[in-house]
Amino acid sequence: MLESAAAWGAGCALAWGISDVIARFAGRSVGVLVATCTMMTVGAALVAIVMAASGEPFDWRLDGIHWLFGIGAGTVIGSILFYHAVTHGPVSLASPVVACYPAIAVPISVALGARPDPLHWGAMVATMAGVWLVARTTTRSDTSAPEYAPRVIRRTILFSLVAAATFAASLTAADQAVEIYGPWQTVLVVRLIGVVTIFAILLARRAPVRLPVRAWPILAAFGVMDTLGHLQLYIGLGLPHGEYAIVASVGYTVVTVVLARAFLREPVSALQWGGVGLVVGGVGVLAAFG
């Protein structure tokens, strides 16, 4: 089981599905930037402790450091945008939109010289159709909650799409970095890059930082679950048929929507579930035959 990339991807899906819902509470309790910085700090500390306790070696070679900085930049930008989306907009909208990132990787690969076949283009179209369906049905919700205001919905879609694009680019870099440094060191360094970057942004803004004690359990859980998801995805990528880890990991959007329906009382229509299904199915085809 531990040698199955799909199993690691499924574990990633569960961790990220929970993390996305926790992100709503973390972002609203201390702000998106502080929540993201704290999440990455907790994650870096957790990985460093495990590496030290297990004797996991740290590779100081620099020939792949550009991949680490690429992942770090993509993760910081994508995380801030995505967590802003789930903090202020519907979680059941933001999560499926971000989950389309493997489909966005198709035109990126074309720009880099690849020539996808009709199956890949069809899967990409199906995935984006699912995103459109989720967005369209979400805007028709009858709720009067502020996160369903038209301008919030539009901003949620925009931020989630841009986040998906950055995640798509960083995933390419992650595949290269994991091959050189392994999953543990890759996650650790990327987390440290994120902490330094966001901390610098917070210093430049000179805005007061709030970290009330009551928010600590939420922030800790946020850091543990998000980091656990990344670790499991990267471990899966390093195994034979690592693409299956991506297939399984995109199932996180199903977990997120179920939890948003159960705990956040977000309305999810049958059409919206159909859109989620198209996203998961399209990404599954892309990863399985890519």
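See the structure printed just above.
Everything quoted here is computed from the prediction, not taken from an experiment. (Residues numbered from 1 in each chain as written. Predicted model: local features only at pLDDT ≥ 70, side-chain atom pairs only at ≥ 80, totals over all residues. Heavy atoms only, no water.)

*Asks:* What is the right way to read the overall build of the protein from this model?
*Replies:* Looking only at helices and strands, one finds eleven helices and zero strands in the protein. Listed by position from the N terminus, the elements making up the protein come as α-α-α-α-α-α-α-α-α-α-α. By the compact-globule yardstick of 19 Å for 290 residues, the protein fits well, its C-alpha radius of gyration being 18 Å. When the backbone C-alpha atoms are referred to their principal axes, the protein occupies close to 55 × 50 × 35 Å. Out of the 290 residues belonging to the protein, those deemed buried represent 52%. Counted over contacts in the protein with a minimum sequence separation of 6, partners at least 24 positions apart contribute 89%. Roughly 13000 Å² of accessible area belongs to the protein as shown, and the carbon and sulfur atoms make up 70% of that amount. Taking the 16 positively charged and 13 negatively charged side chains of the protein as two groups, their mean positions are separated by 19 Å. (Helix = DSSP H or I, 4+ residues; strand = E, 2+ residues; numbered from the N terminus. Rg over C-alpha atoms; globule rule 2.2 N^0.38 Å. Buried < 20%, exposed > 50% of the residue type's maximum accessible area, 1.4 Å probe, protein only. Contact = heavy atoms within 4.5 Å. Areas by Shrake-Rupley, 256 points an atom, 1.4 Å probe, with all protein chains shown as cover. Lys, Arg positive; Asp, Glu negative; His and termini not counted. Charge placed at Lys NZ, Arg CZ, Asp CG, Glu CD.)

*Asks:* Hey, could you run me through unusual backbone geometry in this one?
*Replies:* For residues other than glycine, phi is negative in most cases, and the peptide bonds are mostly trans. Residues other than glycine seldom take positive phi values, yet Arg206 does so here, at roughly 55°. In this structure, Arg206 sits in the loop between helix H7 (150-205) and helix H8 (216-237). The class for Arg206 is exposed, based on a relative accessible area of 77%. Not every positive phi belongs to a glycine, and Arg265 is a case in point at roughly 60°. Within the secondary structure, Arg265 is located in the loop between helix H10 (252-263) and helix H11 (270-289).

*Asks:* Help me understand a nonpolar patch on the surface in this model?
*Replies:* Taken together, Val209, Leu211, Val213 and Trp216 make up a surface patch of nonpolar side chains, about 410 Å² in accessible area. According to the relative accessible area criterion, Val213 is exposed, its value standing at 59%. (Patch = residues over 30% accessible without salt bridge, like charges linked within 9 Å, V, L, I, M, F, W, Y side chains within 5 Å. Salt bridge = Lys/Arg side-chain N within 4 Å of Asp/Glu carboxyl O.)

*Asks:* For this particular structure, what's the right way to read the packing of aromatic side chains?
*Replies:* The description of an aromatic ring pair rests on the distance of the ring centres and on the angle between the ring planes. In the structure shown here, the tally under the stated rule is four aromatic pairs. Taking the centre distance of 5.6 Å and the plane angle of 40° together, the rings of Phe82 and Tyr83 count as tilted. Judged by its relative accessible area of 4%, Phe82 falls in the buried class. Taken together, a centroid distance of 5.0 Å and an interplanar angle of 80° make the contact between Tyr83 and Phe222 edge-to-face. Pair noted here: Tyr83 is in helix H3 (residues 65-88) and Phe222 is in helix H8, with a separation of 139 residues, a long-range link. Site record: aromatic cluster; members linked through ring pairs are Phe82, Tyr83 and Phe222. (Phe/Tyr/Trp six-rings, centres within 6.5 Å; stacked < 30°, edge-to-face > 60°.)

*Asks:* Would you explain the nonpolar core in this entry?
*Replies:* With 84 residues, the main nonpolar core has Tyr83, Tyr101, Phe222, Leu233 and Tyr234 as its most contacted residues. In terms of residue count, the dominant contributor to this core is H7 (20 residues). Among residues more than four places away in sequence, those in contact with Tyr234 are Ile71, Ala174, Val178, Pro183, Thr186 and Val187. (Core = buried A, V, L, I, M, F, W, Y, C linked by side-chain atoms within 4.5 Å.)

*Asks:* How should I be thinking about the packing of helix H1 (residues 5-30) against helix H2 (residues 32-54) in this particular structure?
*Replies:* Between H1 and H2, whose axes approach to 7 Å, the crossing angle comes to 120°. If you check the angle between H1 and H2, you find them oblique. Regarding H1 and H2, the two cross each other, and that crossing is right-handed. Residue-level inspection shows Ala26, Gly27 and Val30 of H1 in contact with H2, the latter providing Val32, Val34 and Ala35. Taken together, the residues that form the contact of H1 with H2 break down as five nonpolar, one polar and no charged. (Axes fitted to C-alpha atoms, helices over the stretch in contact; angles between N-to-C directions. Parallel < 35°, antiparallel > 145°, perpendicular 65-115°, else oblique. Left-handed = near helix turned anticlockwise from the far one by under 90°. Nonpolar A, V, L, I, M, F, W, Y, C, P; charged D, E, K, R; others polar.)

None of this, on its own, says anything about what the molecule does.
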